[in-house]
Amino acid sequence: PQPAYRDVTVNVAELPRYGNLSLGFGLSQGYGVFGQIQFTKRNFDILDTPESVYDLLTAFTGAGQSLTLRLSPGTIWSRYQLTFVEPYLFDTRNSLRLQAQSIKWWRYRWSERYTGFLPNVSHAFDFDRDLRVALGARIESVTVDNIEDNAPAAAFAAEGNTFIVGLNLGLDYDKAFYHPTAGPYGGHREKLDYKIAGTFMGSDLDYHHITFGQNLYFPVYSQKNEDHHVIALKANVGVIEPFGDTDEIPIFERFFLGGPHTVKGFRHRGLGPHDNGDPIGATAQIWGTAEYSFPVFEQMLRGVAFFDYGNLQNMSDFNFDKMRYVVGAGVRLNFPLLGGAPIPIGLYFGTPLKKQPEDETRFFLFSLGYLF
């Protein structure tokens with residue numbers, strides 16, 4: 001009876017009751033070789049407990065929650081993580097995320113272990129669901145040990161166990177358009193994060209930590225409405241400053257730059273201050289890129305030309321005259337493995353136009369697989 005309206009029938013089927021098990025691996029300069037075993041149950045129900053041993057396989061199903069167990073052992077970096085997500089907490093647009101994790105880093109002359117609990121609640125606004133605000137907490141123990149005699153002084157200063165309790169406030173505005181294989185090809189995304197830790201919350205450290213990032217994507221040409229040529233502009237800044245009883249930010253909380261995921265043309269964590277040949281990080285950073293990407297073979301293989309920039313110094317002596325610049329090119333391959341999700345492979349060649357004497361450069365950088 002109403003010309004502008006039609007009846008719609010929606011058929012709904014439950015997701016598989018038993019969850020999904022996936023296997024993967026990765027290889028990246030700075031992260032080494034790492035594997036991944038992941039079990040995910042997307043239609044989880046934490047209240048659907050089994051009534052008997054016969055119900056174990058079919059229990060915990062039906063509420064639209066998700067439970068993920070991720071095991072990622074590696075040669076340099078390992079992570080073990082359990083994550084629970086309630087996407088609509090109490091039938092609202094608030095999402096609850098509970099995450100427990102343990103991360104181990106084998107640095108060149110010492111090791112770091114992070115063990116913590118990271119709860120988070122986020123809200124999507126009704127007037128624009130791409131705008132999300134999040135409030136979270138960090139309850140984490142950091143251990144620095146296995147320090148060699150010739151390690152930097154900053155590693156010895158952080159030796160032992162440090163307990164960190166803090167709050168996180170984040171704002172994420174994601175208006176980018178994404179292709180399932182090629183990634184973002186238009187729009188923009190802004191992300192602002194503020195973190196505070198303090199002895200008044202039971203933490204061993206007092207600090208303010210703020211980061212801001214903006215990504216802009218401009219499609220300049222397309223074929224078949226899919227083979228996009230894209231110009232991407234990315235900028236990131238960050239500052240971490242101590243207060244109260246904390247005089248210096250420990251090495252495991254500082255910023256680091258360099259590698260295939262930040263400023264290419266430099267070794268992983270190789271841009272910035274060093275002590276006895278080891279990177280020791282800093283309390284202020286600025287970095288970004290201007291890149292042009294284009295399809296070589298459909299969306300599976302894309303070429304990229306980039307201009308990266310970055311600077312990493314302590315806030316007290318930050319100097320824009322020490323900005324590093326890199327030009328280069330590379331390819332990104334999204335290789336479908338056995339019909340599953342594609343494995344991203346990045347191969348980059350970069351030459352610094354400007355560097356500092358203490359920097360460690362790398363002409364060739366690569367990454368294979370997701371870091372999650």
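The paragraphs below set out a description of the structure included in this document.

### Points about the side chain of H274
With respect to the helices and strands, the residue H274 is situated in strand β14 (residues 274–275). Looking at H274, its side chain comes within polar contact range of the main-chain oxygen of G272, at 2.7 Å. Here the side chain of H274 touches E358 through a polar contact of 3.2 Å, landing on its backbone oxygen. Leave out the neighbours within four places in its chain, and H274 touches R269, P279, I280, E358 and E360.

### Considerations on the pattern of salt bridges
Summed over the entire model, instances satisfying the criterion amount to 15 salt bridges. One salt bridge in this structure joins D359 and R324, with 2.8 Å as the shortest N-O distance. Of this pair, D359 sits in the loop between β19 (342–354) and β20 (364–368) while R324 sits in strand β18 (residues 324–336); the two residues are 35 residues apart in sequence, bridging distant segments of the chain. Accessibility assignment for this pair places D359 and R324 in one class, buried. Three or more residues are tied together by salt bridges with common partners; here these are D172, D174, R189 and K191.

### With respect to the side chain of K104
Along the chain, the position of K104 falls in strand β5 (residues 94–106). Buried and unpaired, K104 has D145 as its nearest opposite-charge partner, separated by 5.6 Å. The contact partners of K104, leaving out residues within four places of it in the chain, are I76, W77, S78, S111, E112 and R113.

### Some words on empty space enclosed by the protein
Once rolled over the atoms, a probe with the size of a water molecule shows which space is left empty. On inspection of all chains with the given rule, the structure shows one cavity of 30 Å³ or more. Roughly 40 Å³ of internal volume is contained in the largest cavity. Along the walls of the largest cavity sit R138, G166, L167, N168, K195, I196, A197 and Y207, which together make up its complete lining. Of the residues in the lining of the largest cavity, the class split is four nonpolar, two polar and two charged.

### Some remarks on the environment of A182
Tracing the backbone through its elements, the reader meets A182 in the loop between β10 (177–179) and β11 (183–197). Assessed through its relative accessible area of 24%, A182 is described here as partly exposed. For A182 and S52, which are 130 residues apart along the polypeptide, the C-alpha to C-alpha distance reads 47 Å. Those residues in contact with A182 that sit more than four places away from it in its chain are Q299 and R302.

### Some thoughts on the nonpolar core
In terms of nonpolar packing, the biggest core is built from 36 residues, with W110, I164, Y207, I251 and F252 touching the most fellow members. Where this core is concerned, the elements lending two or more residues are β5, β8 (128–145), α1 (153–157) and β17 (301–313). Take this core: its biggest share by element is three residues, from β17. Look past the residues within four positions of W110 in its chain and what remains in contact with it is W105, V144, D145, N146, I147, A151, P152, A155, I251, D278 and P279.

Calculation notes
Residues numbered from 1 in each chain as written. Predicted model: local features only at pLDDT ≥ 70, side-chain atom pairs only at ≥ 80, totals over all residues. Heavy atoms only, no water. Helix = DSSP H or I, 4+ residues; strand = E, 2+ residues; numbered from the N terminus. Polar contact = N/O pair within 3.5 Å; in protein donor to acceptor, adjacent residues only side chain to side chain. Contact = heavy atoms within 4.5 Å. Salt bridge = Lys/Arg side-chain N within 4 Å of Asp/Glu carboxyl O. Buried < 20%, exposed > 50% of the residue type's maximum accessible area, 1.4 Å probe, protein only. Lys, Arg positive; Asp, Glu negative; His and termini not counted. 1 Å grid on protein atoms, 1.4 Å probe; cavity = no way out; pocket = protein on both sides within 12 Å on 5 of 7 lines; lining within 4 Å. Points joined across faces, edges and corners; volume = space filled by probe spheres on them. Nonpolar A, V, L, I, M, F, W, Y, C, P; charged D, E, K, R; others polar. Core = buried A, V, L, I, M, F, W, Y, C linked by side-chain atoms within 4.5 Å.

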